[in-house]
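Structural overview
Chain by chain, the residues run as shown.
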Amino acid sequence: MKLAPSILSANFANLLEDCKKVEAAGCEYLHLDVMDGHFVPNITFGPAIIKSIRKDIDMVFDAHLMITDPDDYIEALADVGCDVITVHQETCTHLHRTIQNIKSHGMKAGVVLNPATPISTIKHVIKDIDMVLLMSVNPGFGGQKFIPEIIEKTKELKALIEEKNPDVLIEIDGGVKSSNIKEIVDAGADVLVAGSAIFGHDDINKAVRDLREAAQGK
């Protein structure tokens, strides 16, 4: 299991310092929620902010594009050092083409599914991607409650991956905390996005340690 703190919950007045804290705590991914105010009712940040922290942080930069036209931003995000880009199935008219666009810029490609979007919508591209991100809340805002039906959805996705492409990682985003992380990992998740469950604590090292211990049933 790898942890991906979402900077959506970080203190933007001290963003770099917060990123350094989660890196020092041993988190492997840095989750970057890019929102445009159209696909989701919120606006966050873009390539300039990502560029400002990239040179000082040695983590996997995991950009989650909650935007209407993701292809318009892929090259810019590659240029500022993103390692993985995940795009919403719901926004991509030509999903396979978008996946190839991401890979052509040297990045890993993932597809995001909203809570109500079925797994079947990506079965024909599962061999072409590196990650599937399941939203366990409705996208757009941090601090929401985990939707329990996503546990069964994760199990369904895991079965598809084992059949079609075992190298694909499953990422879960939304409402992850110590009380549910073991059930999520047991269902097949590999990468766990956590925002307030990490950045919402004064002691980030302890927050990360508590999540890892909870995932192991301790």
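Residues numbered from 1 in each chain as written. Predicted model: local features only at pLDDT ≥ 70, side-chain atom pairs only at ≥ 80, totals over all residues. Heavy atoms only, no water.

To be explicit about the condition: UniProt positions are given in the numbering used here, feature names are shortened, and annotations may be inferred rather than shown by experiment.
The protein chain carries the name Ribulose-phosphate 3-epimerase in an unreviewed UniProt entry, which gives Peptostreptococcus russellii as its organism. Regarding the protein chain, the UniProt comment filed under Catalytic activity (unreviewed entry) reads as follows: "D-ribulose 5-phosphate = D-xylulose 5-phosphate". Quoted verbatim from the Pathway (unreviewed entry) field of UniProt, the annotation for the protein chain is "Carbohydrate degradation."

1. Thoughts on the overall build of the protein chain
This is how the line gets drawn: Strands here are runs of E lasting at least two residues and helices are runs of H or I lasting at least four, both read from the DSSP assignment and numbered beginning at the N terminus. In this treatment the radius of gyration is a C-alpha quantity, and the globule benchmark scales as 2.2 Å times the residue count to the 0.38 power. Think of it in three bands: residues with accessible area under 20% of the maximum for their type are buried, residues over 50% are exposed, and the middle band is partly exposed, with areas taken using a 1.4 Å probe on protein chains only.
Helix and strand counts for the protein chain stand at eight helices and eight strands. Rg of the C-alpha trace for the protein chain: 16 Å, near the compact-globule value of 17 Å for 218 residues, within the 12% margin. Reported as C-alpha extents along the three principal axes, the dimensions of the protein chain are approximately 45 × 40 × 30 Å. With 218 residues in all, the protein chain has 50% of them scored as buried.

2. Describing the nonpolar core
The test is simple: Nonpolar cores were defined as sets of buried Ala, Val, Leu, Ile, Met, Phe, Trp, Tyr and Cys residues, with membership established by side-chain atoms within 4.5 Å. A contact between two residues is defined here by any heavy atoms of the two lying within 4.5 Å.
L30, L32, I50, I85, I122 and I172 are the most contacted members of the largest nonpolar core, which totals 65 residues. Among residues more than four places away in sequence, those in contact with I50 are L32, V34, F45, F61, L77, V80 and C82. Residues A4, Y29, V84 and V191 belong to the second largest nonpolar core, which totals six residues.

3. Describing the UniProt feature "binding site: a divalent metal cation" (unreviewed entry) in the protein chain
The UniProt record annotates "binding site: a divalent metal cation" (unreviewed entry) at H31, D33, H64 and D173. A stretch of 143 residues holds the annotated residues, and the largest C-alpha distance among them is 10.4 Å, short enough that they meet in one place. Following the sequence through the fold, D33 ends up in strand β2 (residues 29-35). Other than its neighbours up to four places away in sequence, D33 contacts S6, L8, T44, F45, H64, M66 and D173. As for its placement among the helices and strands, H64 is situated in strand β3 (residues 60-66). For H64, a relative accessible area of 0% gives the class buried.

4. What to know about the environment of K55
Checked against the element boundaries, K55 lands in the loop between α2 (47-54) and β3. Considered as a pair, K55 and S179 are 124 residues apart in the sequence and their alpha carbons are 35 Å apart.

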